[in-house]
Amino acid sequence: MLSLRSGARAFIPVALAGAILISLAPSTPAAAAEPTTEAQQIIKIAKAQLGDPWRFGANGPGAFDCSGLVTYAYRAAGDGRLIRNGTLRSARSLYRYFKSRGLASRSNPKLGDLVVWGRGTHIGIYVGNGKAISTLTRGVRVHSVFAVRAAFTAYLHTGMSGSTATQTKTPGTTAVASTWVRHTSGVASLRRGASVQYARIRSLASGTRLVVSGKRVDARGRTWYHVTAHGRVGWVAGWLTR
């Protein structure tokens, strides 16, 4: 896994890097406002993992490699379809997938786009103002696009910056005009509320059909779906669905 570049042009002093990370913490009601686009929701989820350690092959929720963080954030936001629902589990495969569809370029990044370095040796999420969030050897960090040891390769355009988030600006479940269907991507718990702190109603096998009627984002920025499964109503973690 990659670390920050130490060259003079792209060097970020430790004190400055710390200030950047501290400045990301919500300190005012405006800073803590709910996301209004899918890109902002994805970034909020990724930033909730700041400081989590790097571990090869990990895709959360307590540790990540670079592609694992991307997969986790997109799937938790309910946008896993854009990255093939986690089946592309390397920076290189994600780069090739977007490039083959004409969605890779070296300019005009938008919030929520992916950033690739070293022709696919590292990947992160563009958060604006020339910065990205990615999993480095020191864990999940926000850093300059040009502060990674490997050379910047391309932005992968996901189209999320203009996509409206399907959630409200106040706590609670998002109202939806109609239901839609998802499936569990592994064994999952149907819970009484949108958090792991709520009691489990039952265990759901991989591939269980979920009729979704709304969703909610928890305190860590993770998406939970309000579902009906096997005739029971409850909540399922979004990162365990596809």
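Fair warning: this is a prediction, and the values are worked out from it, not measured in the lab.

1. Some thoughts on helix H2 (residues 38-47)
Here is step 1: Buried residues dominate H2, accounting for seven of its ten residues.
Here is step 2: Within H2, the full set of buried residues consists of Glu38, Ala39, Gln41, Ile42, Ile43, Ile45 and Ala46.

2. Considering the pattern of salt bridges
Here is step 1: Applying the stated rule across the entire model yields five salt bridges.
Here is step 2: Of the charged contacts in the structure, one is a salt bridge between Arg89 and Asp65, with a shortest N-O distance of 3.5 Å. Here Arg89, found in the loop between helix H3 (66-76) and helix H4 (91-100), pairs with Asp65, found in the loop between H2 and H3; they are 24 residues apart in sequence, far enough to count as distant.
Here is step 3: Look at Arg89 and you get partly exposed, because its relative accessible area is 27%.
Here is step 4: Between Arg81 and Asp79 there is a salt bridge, with its nearest N and O atoms 3.4 Å apart.
Here is step 5: What makes Arg81 exposed here is its relative accessible area of 51%.
Here is step 6: Here Asp79 falls in the buried class, since its relative accessible area comes to 3%.

3. Some words on the environment of Arg92
Here is step 1: Looking at the element boundaries, Arg92 is found in helix H4.
Here is step 2: Using a relative accessible area of 34% as the deciding quantity, one classes Arg92 as partly exposed.
Here is step 3: In this structure, the C-alpha to C-alpha distance between Arg92 and Trp117, residues 25 residues apart in sequence, is 9.5 Å.
Here is step 4: When residues no more than four places from it in sequence are discounted, the contact partners of Arg92 are Arg119, Gly120 and Thr121.

4. A word on the pairing of strand E2 (residues 114-117)
Here is step 1: Alternating positions in E2 separate into two faces, Leu114 and Val116 on one and Val115 and Trp117 on the other, with burial throughout.
Here is step 2: Inspection of the sheet shows E2 paired to strand E3 (residues 122-128) by four bridges, in the antiparallel sense. Across the sheet, Val116 pairs through a bridge with Ile123, a residue of E3.
Here is step 3: Linking E2 back to E3 in an antiparallel pair, the connection comprises four residues, with Gly118 at a positive phi of about 60 degrees.
Here is step 4: Relative to strand E6 (residues 152-156), E2 is paired through four bridges, and the arrangement is antiparallel. Bridge pairing in E6 places Val116 opposite Ala154.

Each value, and the rule that gives it
- Counting of residues starts from 1 at the beginning of each chain's written sequence and follows it residue by residue.
- Only residues with pLDDT of 70 or above have their local features reported here, since the model is predicted, and side-chain atom pairs are shown and tallied only from 80 upward, although totals for entire chains, interfaces and linings are computed over all residues.
- Side-chain calculation: all heavy atoms of the structure are included, whereas hydrogens and water are not.
- Any residue under 20% of the maximum accessible area for its type is buried, any over 50% is exposed, and the rest in between are partly exposed; the area is computed with a 1.4 Å probe on protein chains only.
- Numbering of helices and strands runs from the N terminus; a helix is a DSSP stretch of H or I covering at least four residues, while a strand is a stretch of E covering at least two.
- Take a side-chain nitrogen of Lys or Arg and a carboxyl oxygen of Asp or Glu: if they are within 4 Å of each other, that pair is a salt bridge.
- In what follows, residue pairs with any heavy atoms lying within 4.5 Å of each other are defined as contacts.
- Strands are labelled as partners when DSSP assigns at least two bridges between them.

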